[in-house]
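Residue strings, one per chain:
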Amino acid sequence: MDRLIYTAMSGAAQALEQQSVTANNLANASTTGFRAQLSAFRQVPMNFENSASGDPTTRTFVLSSTPTADYTPGPIQQTGNPLDVAVQGPGWLSVQTADGGEAYTRAGNLHVDANGQLVTATNLPVLGNSGPMSIPPGAAVTIGKDGTVTALMPGDPPTSIATVDQLKLVNPDPGTLTRGDDGLFRTADDQPADADPTVTVAPASLEGSNVNAVSAMVDMITNARQFQMQTKLLDSANANDQSADKLLDFS
């Protein structure tokens, strides 16, 4: 009887965990550059060498597999803002984290902060090939398809446009990336990825979330039903256990 209890218990726990992943995806259906988190179940047999039945495999637990992300590109929409960029196809923007490390994002809604640095919506410095980029005060900024950032001072002729730097665009193997609690992606060995000249961006555009809201809602209903089914199994196991106790009392 305890086999059913443990299996149903672990299944219910993982259904709740998968529901939280789905809820997080749905909550970010409108977040710029968001990558949906994926989750799956796997069975893990529990082996006991001194099992009374002689079979070492007496219970099977349900565990979530290693979570990963859906790297399918999201829809790109033009905004007209010269500081907005959307990575086209595979690739990432590089940013500097609070601890001085390097991380990657697809959220290209950039702006210039009070210190003149080009930063993300969460105020993380955007990295160029030479490090964090500083924009001259009052300059009109333009970002090219290859990530080149140029600046033109007010009143200067177009011929005096100056190159500030080039966005560090990278394209590491998705299998080497992990998502942090801050939503940023990092390489598994936490080493900076090399710039990839083949990665391009769409200027004055933003990439939307790749979460399908309808599919996420269907997943939420499915997870709720799975949890309900597991709890019914627990109730059945408890009822069977009580019936067995009554039979033993009569014997």
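Just so you know, these numbers come straight off a predicted model, no measurement behind them.

A. Structural detail: the packing of aromatic side chains. The tally for this structure, following the rule as stated, stands at three aromatic pairs. Between Tyr71 and Trp92, the ring centres sit 6.1 Å apart and the planes meet at 85 degrees, which makes this aromatic pair edge-to-face. Here Tyr71 is found in the loop between strand S4 (68-69) and strand S5 (76-78), whereas its partner Trp92 is found in strand S7 (residues 92-96), with 21 residues between them in sequence. The class for Tyr71 is partly exposed, based on a relative accessible area of 25%. Taking the centre distance of 4.8 Å and the plane angle of 40 degrees together, the rings of Trp92 and Phe185 count as tilted. On the criterion of sequence distance, the pair formed by Trp92 in strand S7 and Phe185 in strand S18 (residues 185-187) is long-range, its members being 93 residues apart.

B. Fine view of the sheet that holds strand S15 (residues 162-166). Across the sheet, which stays open at both edges, the three strands sit in the order S13-S14-S15 with antiparallel pairing between neighbours. With one partner strand each, in any of the chains shown, strand S13 (140-143) and S15 form the two edges of the open sheet. Adjacent strand axes in the sheet meet at a mean angle of 25 degrees when their direction is disregarded. Summarising the sheet, strand S14 (residues 148-152) and S15 pair through four bridges and their orientation is antiparallel.

C. The arrangement of unusual backbone geometry in detail. Even without glycine at this site, Asp190 takes up a positive phi of about 60 degrees. Relative to the helices and strands, Asp190 is located in the loop between S18 and strand S19 (200-203). Backbone geometry places Ala204, a non-glycine residue, at a positive phi of 50 degrees. Note that Ala204 resides in the loop between S19 and strand S20 (205-207).

D. Seen up close, the environment of Met217. With respect to the secondary-structure elements, Met217 resides in helix H2 (residues 213-250). Exposure remark for Met217: the relative accessible area of 44% places this residue in the partly exposed category. Sequence spacing of Met217 and Asn25 is 192 residues, and the spatial spacing of their C-alpha atoms is 9.9 Å.

E. Inspection of the nonpolar core at higher detail. Val85, Leu118, Ile143, Val149 and Leu167 are the most contacted members of the largest nonpolar core, which totals 18 residues. Listed by contribution, the elements that provide at least two residues to this core are strand S6 (85-88), S13 and S14. Sequence-distant contacts of Val85, that is, excluding residues within four places in its chain, are made with Leu93, Gly108, Leu110, Ile143, Leu167, Val201, Ala202, Ser205 and Leu206. Counting seven residues, the second largest nonpolar core, distinct from the first, contains Ala69, Val170, Leu177 and Phe185.

Procedures and definitions
Each chain has its residues counted from 1, following the order in which its sequence is written. In keeping with the predicted nature of the model, local features appear solely for residues at pLDDT of at least 70, side-chain atom pairs appear and are counted solely at 80 or more, and the whole-chain, interface and lining totals rest on all residues. Neither water nor hydrogens contribute to the side-chain values; these are computed over all heavy atoms in the structure. Between rings of Phe, Tyr and Trp, where Trp is taken as its six-membered ring, a pair exists when centres lie within 6.5 Å; planes separated by under 30 degrees are stacked, by over 60 edge-to-face, and by other angles tilted. By definition, any uninterrupted DSSP run of H or I lasting at least four residues is a helix, any uninterrupted run of E lasting at least two residues is a strand, and each is numbered from the N terminus. Only protein chains enter the accessibility calculation, which uses a 1.4 Å probe. A residue is then buried if its area is under 20% of the maximum for its type, exposed if over 50%, and partly exposed in between. Each pair of strands is called paired provided DSSP finds at least two bridges between the two strands. Think of each axis as a best-fit line through the C-alpha atoms, taken over the contacting stretch in the case of a helix, with angles from 0 to 180 degrees between the N-to-C directions. Only buried residues count toward a nonpolar core, which is a set of Ala, Val, Leu, Ile, Met, Phe, Trp, Tyr and Cys residues joined through side-chain atoms within 4.5 Å. Residues count as neighbours in contact if any of their non-hydrogen atoms are within 4.5 Å of one another.

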